[in-house]
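Next come the chains, spelled out residue by residue.
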Amino acid sequence: MRAPLLFWCLGASVLGFALMGIDKRRARRDGRRIPERRLFAVALLGGTPGAILGMYAFRHKTRHWYFKWGLPGLLLAQAGILWFCWAYGAEPL
């Protein structure tokens, strides 16, 4: 069960990173933006590491407190849940 979960998180992280870059590009060109709710949804579904990397790589959403503190908090919560599941023998998902 760990390999599919790892691939899921990797894919979601790549998507989160890409969405941050796409949204930054659209912000510079006055294009149609990606809703913040969608960025958080991808992070919530396992793409938090990629979203954080994209946030700082593209210098995007770094002034918003809910991204600056919310994404690392979400990552800590997800890591805690995974640790709890593996430490006590429960399979996540």
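Heads up: the structure comes first, above all this text.
Being a predicted model, the structure only gives us computed values, none of them experimental.

### Examining helix α1 (residues 2–28)
Then comes step 1: For α1, which comprises 27 residues, the first-to-last C-alpha distance of 39 Å matches the rise-based estimate of 39 Å (1.5 Å per residue) to within 8%.
Then comes step 2: Every buried residue of α1 is listed here: L5, A12, S13, G16, L19, M20, G21, D23 and K24.
Then comes step 3: Looking at the buried side of α1, the elements it contacts are α2 (36–57), α3 (65–68) and α4 (70–87).
Then comes step 4: Phi for D30, located one or two positions after α1, is positive at around 55 degrees.

### Overview of a nonpolar patch on the surface
Then comes step 1: Among the surface-exposed residues, F7, L10 and V14 lie close enough to one another that they form a single nonpolar patch of about 340 Å² accessible area.
Then comes step 2: Taking the relative accessible area as the measure of exposure, V14 reaches 53% and is therefore exposed.

### Comments concerning the packing of aromatic side chains
Then comes step 1: By the definition in use, this model includes six aromatic pairs.
Then comes step 2: For the ring pair W83 and Y88, a centre distance of 6.3 Å and an interplane angle of 85 degrees mean the geometry is edge-to-face.

### Focus on α4
Every α-helix winds through 3.6 residues per turn, so residues three or four apart in the chain are directed the same way.
Then comes step 1: Taking 1.5 Å per residue, 18 residues should reach 26 Å; α4 reaches 25 Å between its end C-alpha atoms and fits that length.
Then comes step 2: Those residues of α4 that fall on the buried side of the exposure criterion are L71, L74, Q78 and C85. All buried residues of α4 project into a common sector of 60 degrees when viewed along the axis, lining one side. Looking at α4, the residues exposed on the side facing more than 90 degrees away from the buried face are L76 and W83.
Then comes step 3: Packing partners of the buried residues in α4 comprise α1, α2 and α3.
Then comes step 4: Of the residues flanking the end of α4, it is G89, one or two places downstream, whose phi is positive at about 80 degrees.

### Side note on unusual backbone geometry
Then comes step 1: Backbone geometry at D30 places phi at a positive 55 degrees, although glycine is not the residue there.
Then comes step 2: Mapped onto the elements, D30 comes out in the loop between α1 and α2.
Then comes step 3: Taking the relative accessible area as the measure of exposure, D30 reaches 73% and is therefore exposed.
Then comes step 4: One non-glycine residue, R59, lies in the positive phi region at around 50 degrees.
Then comes step 5: On the secondary structure map, R59 appears in the loop between α2 and α3.

About the criteria used
Residues numbered from 1 in each chain as written. Predicted model: local features only at pLDDT ≥ 70, side-chain atom pairs only at ≥ 80, totals over all residues. Heavy atoms only, no water. Helix = DSSP H or I, 4+ residues; strand = E, 2+ residues; numbered from the N terminus. Expected span 1.5 Å × (residues − 1). Buried < 20%, exposed > 50% of the residue type's maximum accessible area, 1.4 Å probe, protein only. Contact = heavy atoms within 4.5 Å. Patch = residues over 30% accessible without salt bridge, like charges linked within 9 Å, V, L, I, M, F, W, Y side chains within 5 Å. Areas by Shrake-Rupley, 256 points an atom, 1.4 Å probe, with all protein chains shown as cover. Salt bridge = Lys/Arg side-chain N within 4 Å of Asp/Glu carboxyl O. Phe/Tyr/Trp six-rings, centres within 6.5 Å; stacked < 30°, edge-to-face > 60°. Arc of directions from axis to C-beta.

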